[in-house]
Each structure stands twice: as structure tokens, then as C-alpha cells.
Amino acid sequence: MADRTTSNITIGADRSTVMKVIADFPTYPDWAGQVKSARILSAGEDGLPATVRFVLDAGVINDEYTLGYTWHGEDSVDWSVVEAGKMVSGLTGSYRLAEVGSGTEVTYELAVDLKVPMIGMIRRKAEKVIIDTALKGLKKRVEGS
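Residues numbered from 1 in each chain as written. Predicted model: local features only at pLDDT ≥ 70, side-chain atom pairs only at ≥ 80, totals over all residues. Heavy atoms only, no water.

1. Considering the nonpolar core
Argument step 1. Counting residues in each nonpolar core, the largest one holds 41 residues, and the members touching the most others are Ile22, Tyr28, Phe54, Tyr95 and Leu138.
Argument step 2. Every residue in contact with Leu138, bar those within four places of it in the chain, is listed here: Ile11, Val18, Val21, Ile22, Trp31, Tyr95 and Val106. (Core = buried A, V, L, I, M, F, W, Y, C linked by side-chain atoms within 4.5 Å. Buried < 20%, exposed > 50% of the residue type's maximum accessible area, 1.4 Å probe, protein only. Contact = heavy atoms within 4.5 Å.)

As C-alpha cells, then:
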């Protein structure tokens, strides 16, 4: 698996509120930038999404794939590819939430493996754009501003 790209942001809300927005996949196209659609295919016994089908348009990474999710309460969620796309062969990531003051620090890690050759620097830049756009969009969505 490729090296992970990591970034974080502090959101003015508790972990529960942030995690509810993270788990609300049908709204991702409204705030996650490159996500054009996110359709929940199955849910776990806890009612949280277990598999989600994504359509992504992140410039050099344009694809459709399915991710499987593992939820760890309000602390974190991890995901990985369960059905690869035409370009994306592997995608692993996580959101980690930690209480800080009156808010929540959200750390997003992402690693993308592609079927097509791509210079590592370009792939990491695409990962960074995806992460930064998602974190800023998540903050805006949660804080309502």
C-alpha cells in the first residue's frame, strides 16, 4: 500500500456531531468536493454504513469504486476498497476524532493506489487535495457556516 497522506482540522462541535456528518454519505456531494455521488449499499448491525459506492472526480483520479467501513464509536472510522474501480486499485483511509477544548480535532489519513502509472508526487498531491477539500467541507458542514 502507498504511503499515507495525513492532515487535520479542528471543528467547533463534539465528536458525536462530527461523526454523524461523516456517516451521512448521501450528503457527501454537498461538501466533500470531488465526491459526485455516495450510495450506501449495506449497513452493519449497528445501523452504520458498511459498504458505500462512490463516484469520484478528483482531476487525475476519476473513478467509481466501493469502500468497506469499520466504525469505532465516536473515536474513528476506517475504510478500504472492497470493489476496485477502473483506476483505483486500493484506497485506505481513516478519520480519527479527538476532543480538544470545546471542539474536535479531526485527523484524515488517506492512501490511494492506482492501476495506472502515476508519479508519486502527483498522486500525493491529489491525495492532499482530496483530504484538504474534505476537511474544510466537513468543518463547514458541521459548523453550518
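Having seen the structure, we can now continue with the description.
2. Concerning the side chain of Gln34
Argument step 1. Position of Gln34 among the secondary structure elements: in the loop between α2 (28-31) and β2 (35-43).
Argument step 2. Contact partners of Gln34, with chain neighbours within four places excluded, come to Val55, Leu56, Asp57, Ala58, Val129, Ile130 and Thr133. (Helix = DSSP H or I, 4+ residues; strand = E, 2+ residues; numbered from the N terminus.)

3. Describing empty space enclosed by the protein
Argument step 1. As enumerated under the stated definition, the model contains one cavity of 30 Å³ or more in all.
Argument step 2. In this structure, the largest cavity spans a volume of roughly 230 Å³.
Argument step 3. Along its surface, the largest cavity is lined by 19 residues, and Val35, Phe54, Tyr65, Tyr108 and Ile130 are the ones closest to its centre.
Argument step 4. For the lining of the largest cavity, the secondary structure elements donating two or more residues are β3 (49-58), β4 (61-72), β6 (88-100), β7 (103-114) and α3 (120-143).
Argument step 5. Here the lining of the largest cavity gets four residues from one element, more than from any other, and that element is β4.
Argument step 6. By residue class, the composition of the lining of the largest cavity is 18 nonpolar, one polar and no charged. (1 Å grid on protein atoms, 1.4 Å probe; cavity = no way out; pocket = protein on both sides within 12 Å on 5 of 7 lines; lining within 4 Å. Points joined across faces, edges and corners; volume = space filled by probe spheres on them. Nonpolar A, V, L, I, M, F, W, Y, C, P; charged D, E, K, R; others polar.)

4. Quick notes on the pattern of salt bridges
Argument step 1. Counting across every chain of the model gives seven salt bridges.
Argument step 2. Measuring nitrogen to oxygen at the nearest pair gives 3.7 Å for the salt bridge that ties Glu99 to Arg15. Pair noted here: Glu99 is in strand β6 and Arg15 is in helix α1 (residues 15-23), with a separation of 84 residues, a long-range link.
Argument step 3. We note a salt bridge from Arg53 to Glu83, for which the minimum N-O separation is 3.4 Å. On the criterion of sequence distance, the pair formed by Arg53 in strand β3 and Glu83 in strand β5 (residues 76-83) is long-range, its members being 30 residues apart.
Argument step 4. Of the residues examined, Arg53 reaches a relative accessible area of 15% and is grouped as buried.
Argument step 5. Classification of Glu83 by relative accessible area gives partly exposed; the value is 42%.
Argument step 6. Three or more residues are tied together by salt bridges with common partners; here these are Arg15, Asp75 and Glu99. (Salt bridge = Lys/Arg side-chain N within 4 Å of Asp/Glu carboxyl O.)

5. Focus on the sheet that holds β2
Argument step 1. Spatial ordering of the open sheet is given by β1-β7-β6-β5-β4-β3-β2, a layout of seven strands whose pairing is antiparallel. Only two strands of the sheet have a single neighbouring strand rather than two, namely β1 (5-11) and β2. The average angle at which neighbouring strand axes cross in this sheet is 20 degrees, direction not considered.
Argument step 2. Relative to β4, β3 runs antiparallel, the two sharing eight bridges. The residue of β4 that forms the bridge with Arg53 is Thr66.
Argument step 3. Strands β1, β3, β4, β5, β6 and β7 of the sheet are contacted by α1, whose axis makes an angle of about 160 degrees with β6. (Pairing = 2+ DSSP bridges. Axes fitted to C-alpha atoms, helices over the stretch in contact; angles between N-to-C directions.)

Distances and angles like these do not, on their own, reveal function.
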